[in-house]
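Examination of the molecular architecture
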Amino acid sequence: MSDLLKIADKTYHSRLLVGTGKYQDFAQTRAAIDASGAEIITVAIRRTNIGQTAGEPSLLDFLPPEEFTYLPNTAGCYSADEAVRTLRLARELLDGHKLVKLEVLGDPNTLYPNMIETIAAAKTLVKDGFDVMVYCSDDPIIAKQLEEIGCCAVMPLASLIGSGMGILNPWNLQIIIANANIPVLVDAGVGTASDAAIAMELGCQGVLMNTAIAAARDPVLMAGAMKKAVEAGRDAYLAGRMPKKLYSASPSSPTAGLIA
Amino acid sequence: MLLIINGKARSFDATNFSVAHLVKSLDLEGKRLAIECNGEIVPRSQFADTQLADGDKLEIVGAVGGG
């Protein structure tokens, strides 16, 4: 039986979601995303350069929206109003596309989310018919509130955006996962493959990352490593790990038949 | 007519100027973009029917790489 990720009534084979920022060029972006096996890719919405872009290739030429599920984000938004406007523009840009990543930041130094503004934006967007995957703090109460508002996935941070610090509070993540009836994905803070595997072993439904791949010395190789890590972590979660013991009185080799 | 486009003032020597005219004059025809006029989305299907007025504030956006 195949183990599929289900988000807002659509299913995906890959549990790795990737960003499209910070790469050298579009060709490297494409190569890394192919190596990651990701089906859902995030994009940012920004003002078009007027008068300088005629004939220049765009991200969409390298990553056709027919091939991937686009997840437009609200990166750089510091208020609910800005985030809602950005995603309404994204919906128009992507022909009525409803699946979005909401993030409302609280501070330019840490990029820590402002959950009061995030909750306000989530309410408006859900009412407006969007399928909202929401970047959030790892507060279990906030995560539950976002679910109750009607978000289709909660995406608590592992650590700060772009920090590569890994999973700083696995205990909170476990509480969020245990209480959730919607997918929980780790978004932000993953630094290397083991971080992604740990997130999946904790029971996350998926992992979203950008910098961990784009800022690696070899982004394409790291993208492949992340694919394997997410798959390995998922399988380990499903397999159910052995209990931890301080020491074992049951050796793996037979106790009988020893030479004398 | 003066329009504020992506935060910059630009003047256009025209009357009966629609969003479709604007897109054409900015050499953006055929590009995948979305437009907001004074905070309201202008659906692509209504570009030709949406007349612009002096002082209108427009945001013209596209998708770029991001995480």
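Quantities reported herein were computed from a predicted structural model and do not represent experimental measurements.

1. Brief notes about the confidence of the model for chain B
Residues shown with low pLDDT carry predicted positions that ought not to be read at fine detail. All names here are of chain B. Scored by pLDDT, chain B has a mean of 93; 100% of the residues are at 70 or more. Of all the helices and strands in chain B, strand β2 (residues 8-11) carries the lowest mean pLDDT, 93, while strand β3 (residues 34-37) carries the highest, 96. Among the scores for the predicted complex, ipTM is 0.94 and pTM is 0.92.

2. Describing the interface of chain A and chain B
On the side of chain B, 26 residues touch chain A, which itself brings 29 residues to the contact. Overall, the association of chain A and chain B removes approximately 2400 Å² of surface from exposure, summing both partners, and the carbon and sulfur fraction of that is 55%. For the chain A face of the interface with chain B, the top three residues by lost area are Arg47(A), Ile50(A) and Leu93(A), together amounting to 29%. Of the charged contacts in the structure, one is a salt bridge between Arg85(A) and Glu36(B), with a shortest N-O distance of 2.5 Å. For the pair chain A and chain B, the number of links is 17 residue pairs in polar contact (both at pLDDT 80 or more). Here the element with the most residues in the side of chain A that touches chain B is strand β4 (residues 40-47) of chain A; it accounts for 6 residues. The class makeup of the residues in the side of chain A that touches chain B is 11 nonpolar, 9 polar and 9 charged. Two strands pair when backbone bridges link them, and β4(A) and strand β5 (residues 57-65) of chain B are joined in this way by 5 bridges, in the antiparallel orientation. Within β5(B), the position partnered with Arg47(A) by the bridge is Val61(B).

Thresholds applied
Residues numbered from 1 in each chain as written. Chains lettered and ligands numbered in written order. Predicted model: local features only at pLDDT ≥ 70, side-chain atom pairs only at ≥ 80, totals over all residues. Heavy atoms only, no water. pLDDT = per-residue confidence, 0-100. Helix = DSSP H or I, 4+ residues; strand = E, 2+ residues; numbered from the N terminus. Contact = heavy atoms within 4.5 Å. Buried area = accessible area lost by both parts, 1.4 Å probe. Salt bridge = Lys/Arg side-chain N within 4 Å of Asp/Glu carboxyl O. Polar contact = N/O pair within 3.5 Å; in protein donor to acceptor, adjacent residues only side chain to side chain. Nonpolar A, V, L, I, M, F, W, Y, C, P; charged D, E, K, R; others polar. Pairing = 2+ DSSP bridges.

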